[in-house]
Amino acid sequence: MVRLKERIEGGVYGLLIGDALGVPYEFHAQTEIPPVSEIEFTPPDYFDRAHKTIAPGTWSDDGAQALVLLSSLLDCGKLDIDNFGTRLVDWYETGYMAVDGNVFDVGIQTGQAIRKLRLGVKAAIAGQTNEQANGNGSLMRVLPLALWHKGSDEELVNDAHQQSVVTHGHLRSQICCALYCLWARYTLEGKANSWEEAVTRIKEIYGQDSDEYAELMWAVRPDDSIDGQGSGYVVDTLRSAKWAMKKNTYEEVVKAAISLGRDTDTTACVAGGIAGIRDGMKAIPKRWLADLRGKDILYSELQKLVDWRCR
């Protein structure tokens, strides 16, 4: 039986290590990714790694934004999207929560939204709302909300929607964040069929006559067995993570996510967070924990999160 504390710690480290592990493999086609036995923080010498100036074991914008969200939640005691938006600007401008203060690999939609925030646009309307603006930038960072949240499922779903609109305002992105948060919550509770239960619950919350339900069933199609392709499209990222979670161990999950190619850091981040919750902190390979850079940044935030949830 994995204890709550171990699941929470596993979720945070799981997403950060998945992100960092995927960084050097980003932008490569599936056929170019090394065999899973060779996927490590430092790729094989023959591999033309992405982000060549970034030291192995460094999380990207995914992990940094997740920690920005976590810090905002802990300091405000609630989801305050204006506070979160201000902190995103701080990350973008000063490297807040980024390893070495180095901001890299910023998504197009996220960058556009943050530039609006800098000009004084309210967080609630900063994210684009058109259908083409459904990258995975709000999904990749939302896991801390599920780990922190003590409210009802309905409140968690609503907060997941609000967390998204700061940078990704289309309903599809909001729904993917909400479904992922329920999936994480039920995994945190140790439920064996956490995905299926999350799908059932989100349908109940939305109700069949709502726009949210229609978008869920038409665009996300959570009941269908559709394998992901590792792309940056928010629905595909969710599907890719679900596919990777068929593996038995944390290490196998994140390596499977990276084996899809393309947006490897985000796919491994999203899948790694769930796998870390499922398997617990002790299941994450010690070599990756030892070589993860920036642990000093997250230590106090993680301790506050554990104290909040476990007291």
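Provided above is the structure to which this section pertains.
Throughout what follows, the structure given in this document is the object of discussion.

Our focus in this paragraph is helix α11 (residues 250-259). With eight of its 10 residues buried, α11 lies for the most part within the structure. Along α11, the residues that are buried comprise Tyr-250, Val-253, Val-254, Lys-255, Ala-256, Ala-257, Ile-258 and Ser-259. Buried residues along α11 sit against α1 (4-22), α10 (234-244), α12 (264-279) and α13 (286-291). Downstream of α11 by a residue or two, Gly-261 has a phi angle that is positive, lying close to 75°.

So, on to the packing of helix α6 (residues 153-165) against helix α7 (residues 171-188). Axis angle and axis distance: for two packed helices, these are the angle between their axes and the distance between the axes, and together they describe the pair. Running from N to C, α6 and α7 cross one another at 135°; their axes reach a closest spacing of 8 Å. Viewed along their axes, α6 and α7 adopt a mutual orientation that is oblique. Seen from above, α6 lies across α7 with right-handed handedness. In this structure, α6 uses Asp-153, Leu-156, Val-157, Ala-160, His-161, Gln-163, Ser-164 and Val-165 to contact α7, whose residues at the interface are Leu-171, Ser-173, Gln-174, Ile-175, Cys-177, Ala-178, Cys-181, Leu-182, Arg-185 and Tyr-186. Of the residues belonging to the contact of α6 with α7, the class tally is 11 nonpolar, five polar and two charged.

What follows concerns unusual backbone geometry. For Phe-27, which is not glycine, the phi dihedral falls at a positive 75°. Within the element layout of this structure, Phe-27 appears in the loop between α1 and α2 (61-76). Look at Arg-221: it is not a glycine, yet its phi comes out positive at around 50°. Within the fold, Arg-221 resides in the loop between α9 (211-220) and α10.

What follows concerns the nonpolar core. Leu-145, Tyr-180, Trp-183 and Leu-238 are the most contacted members of the largest nonpolar core, which totals 96 residues. If you tally residues by element for this core, the top one is α7, at 12 residues. Beyond its immediate chain neighbours, meaning those up to four positions away, Leu-238 contacts Leu-139, Cys-176, Leu-179, Tyr-180, Trp-183, Trp-195 and Val-220.

About the thresholds
- Residues numbered from 1 in each chain as written.
- Predicted model: local features only at pLDDT ≥ 70, side-chain atom pairs only at ≥ 80, totals over all residues.
- Heavy atoms only, no water.
- Buried < 20%, exposed > 50% of the residue type's maximum accessible area, 1.4 Å probe, protein only.
- Helix = DSSP H or I, 4+ residues; strand = E, 2+ residues; numbered from the N terminus.
- Contact = heavy atoms within 4.5 Å.
- Axes fitted to C-alpha atoms, helices over the stretch in contact; angles between N-to-C directions.
- Parallel < 35°, antiparallel > 145°, perpendicular 65-115°, else oblique.
- Left-handed = near helix turned anticlockwise from the far one by under 90°.
- Nonpolar A, V, L, I, M, F, W, Y, C, P; charged D, E, K, R; others polar.
- Core = buried A, V, L, I, M, F, W, Y, C linked by side-chain atoms within 4.5 Å.

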